[in-house]
Amino acid sequence: MNFVFFDIECASVSKSSAKICAFGYVLCDENFNILKKEDLLVNPRGGFHLTDRKGDKGIVLPYEYTEFKKYPPFPKIYGYIKSLLEDKDVIVLGHSTMNDVKYLNLETKRFRLPPFKFSFSDSQLIYMAYINDFSRQIGLEKIAAELGVEFTAHRAADDAYATMKIVEAMCKAKGCGYAELVKTLGITEGRIKNYNITPPSAHGEKKYHEEKLREKRESAITRTQFFNYLSRKRINKNGRLYGKVFSFSRAVESDLPLSKSLADKIYALGGTYTQHAAHCDYFVAEQDDASPRTVAALKMEHLTVTDVSGLEKLLNEFTD
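Residues numbered from 1 in each chain as written. Predicted model: local features only at pLDDT ≥ 70, side-chain atom pairs only at ≥ 80, totals over all residues. Heavy atoms only, no water.

Visitor: Provide a residue-level description of the packing of aromatic side chains, including the pertinent values.
Guide: Across all of its chains, the model carries 20 aromatic pairs by this definition. Where F3 meets Y178, the ring centres are 5.2 Å apart and the plane angle is 80 degrees; that geometry is what we call edge-to-face. With F3 in strand β1 (residues 2–13) and Y178 in helix α6 (residues 178–185), this residue pair connects regions lying 175 residues apart in the sequence. Relative accessible area serves as the criterion here: at 3%, F3 is assigned to the buried category. Taking 5.0 Å as the distance between ring centres and 15 degrees as the angle between the ring planes, the aromatic pair formed by F246 and Y282 counts as stacked. Residue F246 is located in strand β10 (residues 245–248), and its partner Y282 is located in strand β12 (residues 282–284); the two are separated by 36 residues in the primary sequence. Y282 shares its class with F246; the two are buried. Through successive ring pairs, a cluster of aromatic residues spans F74, Y78, F111, F116, F118 and F120. (Phe/Tyr/Trp six-rings, centres within 6.5 Å; stacked < 30°, edge-to-face > 60°. Helix = DSSP H or I, 4+ residues; strand = E, 2+ residues; numbered from the N terminus. Buried < 20%, exposed > 50% of the residue type's maximum accessible area, 1.4 Å probe, protein only.)

Visitor: Quick rundown of the pairing of β10? Include the residues and the values.
Guide: Across the two faces of β10 the burial is the same, with V245 and S247 and F246 and F248 all buried. Inspection of the sheet shows β10 paired to strand β11 (residues 272–273) by 2 bridges, in the parallel sense. What sits directly across from F246, in β11, is Y273. In this sheet, β12 lies alongside β10 in parallel orientation, the contact comprising 3 bridges. Bridging across to β12, S247 finds its partner in F283. (Pairing = 2+ DSSP bridges.)

Distances and angles like these do not, on their own, reveal function.
Written out as C-alpha cells, the structure is:
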C-alpha cells in the first residue's frame, strides 16, 4: 500500500469558491520512500486575494503569480488528480485536510465536474492525538519545527513533503507502521462522496469535546447561581468603594465559595458587580488565565486587572 500526501494552494477562497492555483503531492511507499514528488500549477481563472486558513492575515506564496496564466485551468488536470486520489491502492493524507478537500469540492462544482470519491486522513489530527492535546489546531510549520522537518512553507509539494515527514517521524517515535499508529491513536478516516464530506476523527478528540461540553454546562449552572446570589445584594451607598464596579473571569465566577465571598466584601464596601468586563473598573482573574474574556480585559486601558490575592488586598485596605 502506498501513500499520497497532498496539499492545495488557492489564489482566493470564499464560502462559495476556492480558485486552486497549485496542487502538490508526494507519492511514497509504506516505508516513506518517495516515488514521486510534483507541484501541479494551475491557472486559477481569477485574481489573487490571499489570506491564511482563518481568512485573516495575507500570506505570500513562493511562486511568481504572473506565471500561473501559462498553466492549464483546473478541468485540464482534474482527471489526473482524481485518479491519483481515488486509487484504491493508496492511503490519502494531508494537513488540516478538510480545507483542501473542501477546495476540491468547490472547484468541481465551479466547473461542473463529477464529484470526488475517496477516503482521507489528517496529519494535524494524528499529531493532536499523538500528543493528546485537542485544545487547539496546530499548524504544519509548528509541528515540522518541533519534529525537525525543514521545508518551504506554502509551496504545495513541499507542504505535502513536510506532511509526509511528520507522519514518518511519529511512526518512528512509536516504533510502528502507519496502520498501527492510527489504530493506537484511535483515528478514523474522513470521506468525500457525492459532494458530501465526513471529517476524520479521533477517539481522544471526541472524549475531549464531551468533557469540555460537560464543563461548560456545569460552569453555566454555577454562574447562574452566582448571578442569582448577586441579585439579592444591596449596595452600601456609604461604602468607601461606592461607584466602583467589579467583574470576574469565568473561572472565578464559577468558583461559588470564592466568588460569593468576594462579592460580599465588594457590596459591603459599596461596590457593585457587572457581567460586562468593558463596564467595570476592576477585573479579577488568576495570572495563568488565558481565556478570551481575560485576554480582552487585559487590552482595556481604562480598567485595572488584578488576581484574587490582589483584590483581597485592595478590599482589606478599604475595610481598615
